[in-house]
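# Breakdown of the fold
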Amino acid sequence: LTGGIFFFFLRELVIRPTSTVTSDREGSVRSIIRHEGFHQYLFAALGGMTPSAWFNEGFAVFFENSEVLKNGDLEVHESGRHSETLENLVKDTDLDWEKLLPGFLDMDYSAFYANAEIDYAIAYGLVYYLMKGAPLERNKPYADILPKYFAELEKSGDAEAASHVAFEKVDRLKFCNDFVSFWKTPKKRQDALRKPGF
């Protein structure tokens, strides 16, 4: 069950404080507020345009696991439950990420929510990697993905086109291998956690 939802058509954020997302009720409510609050922020920032499911939900989980420090810096932690799901997925040798990625990027919301546990984890994993892991890669080969996504979404208003443009010049096999390697390698993940900012 969801702990909260942002109704974009009503511009209303609703949370369920009795959520069983975690035994830490206060921490759970804060996480829900950050998650749903991000949807509200993104809706306003994009002038009511709806981004791709992977982008919208991936970033919501990314910021759900953030914390504002006393000095004003934003620190982003890994999501325990989604990271665990990803760890299991990247160990699955039958999973062909190069074939999975294009369909996942084009997935609409109803398909995304139909397999929520897996799809939330993959969306979160992509966003976390692009924000914290990929910037540590040599020559930063994926630095243009998110800016291109935003630019195309702003220009066309078409979330599917934005995903295509963002990844069109990316070597998909290399990207998938780097993504899997990141989630399999504790040192890479530790380096990403230590990276200041996001």
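Below is a short write-up of the structure. (Residues numbered from 1 in each chain as written. Predicted model: local features only at pLDDT ≥ 70, side-chain atom pairs only at ≥ 80, totals over all residues. Heavy atoms only, no water.)

## Observations regarding the overall build of the chain
- Along the chain, the regular secondary structure elements total 10 helices and four strands.
- Expressed as a percentage of its 198 residues, the buried residues of the chain come to 42%.
- Expressed as a percentage of contacts within the chain between residues at least 6 apart in sequence, the contacts between residues at least 24 apart total 63%.
- Surface summary for the chain: the accessible area is close to 10900 Å², and the carbon and sulfur share equals 54%. (Helix = DSSP H or I, 4+ residues; strand = E, 2+ residues; numbered from the N terminus. Buried < 20%, exposed > 50% of the residue type's maximum accessible area, 1.4 Å probe, protein only. Contact = heavy atoms within 4.5 Å. Areas by Shrake-Rupley, 256 points an atom, 1.4 Å probe, with all protein chains shown as cover.)

## Quick word on the packing of helix 2 (residues 53–64) against helix 6 (residues 116–133)
- Between helix 2 and helix 6, the shortest axis-to-axis distance is 8 Å and the interhelical angle comes to 70 degrees. With respect to each other, helix 2 and helix 6 are oriented roughly perpendicular. Counting all contacts with helix 2, which are made through Trp54, Phe55, Glu57, Gly58, Phe59, Val61 and Phe62, the residues of helix 6 involved are Tyr120, Ala123, Tyr124, Leu126, Val127, Tyr128, Leu130, Met131 and Lys132. (Axes fitted to C-alpha atoms, helices over the stretch in contact; angles between N-to-C directions. Parallel < 35°, antiparallel > 145°, perpendicular 65-115°, else oblique.)

## Remarks on the nonpolar core
- Judged by nonpolar contacts, the single largest core of 49 residues is most densely connected at Trp54, Phe59, Leu126, Phe167, Phe175 and Trp183.
- Only helix 1 (25–45), helix 2, helix 3 (80–91), helix 4 (97–105), helix 6, helix 7 (145–156), helix 8 (159–167) and helix 9 (172–184) provide two or more residues apiece to this core.
- With 11 residues, helix 6 is the single largest residue contributor to this core.
- Filtering out sequence-adjacent residues up to four positions away, phenylalanine 167 remains in contact with Trp54, Leu101, Leu105, Ile145, Arg172 and Phe175. (Core = buried A, V, L, I, M, F, W, Y, C linked by side-chain atoms within 4.5 Å.)

Any link to function would need more than the numbers given here.
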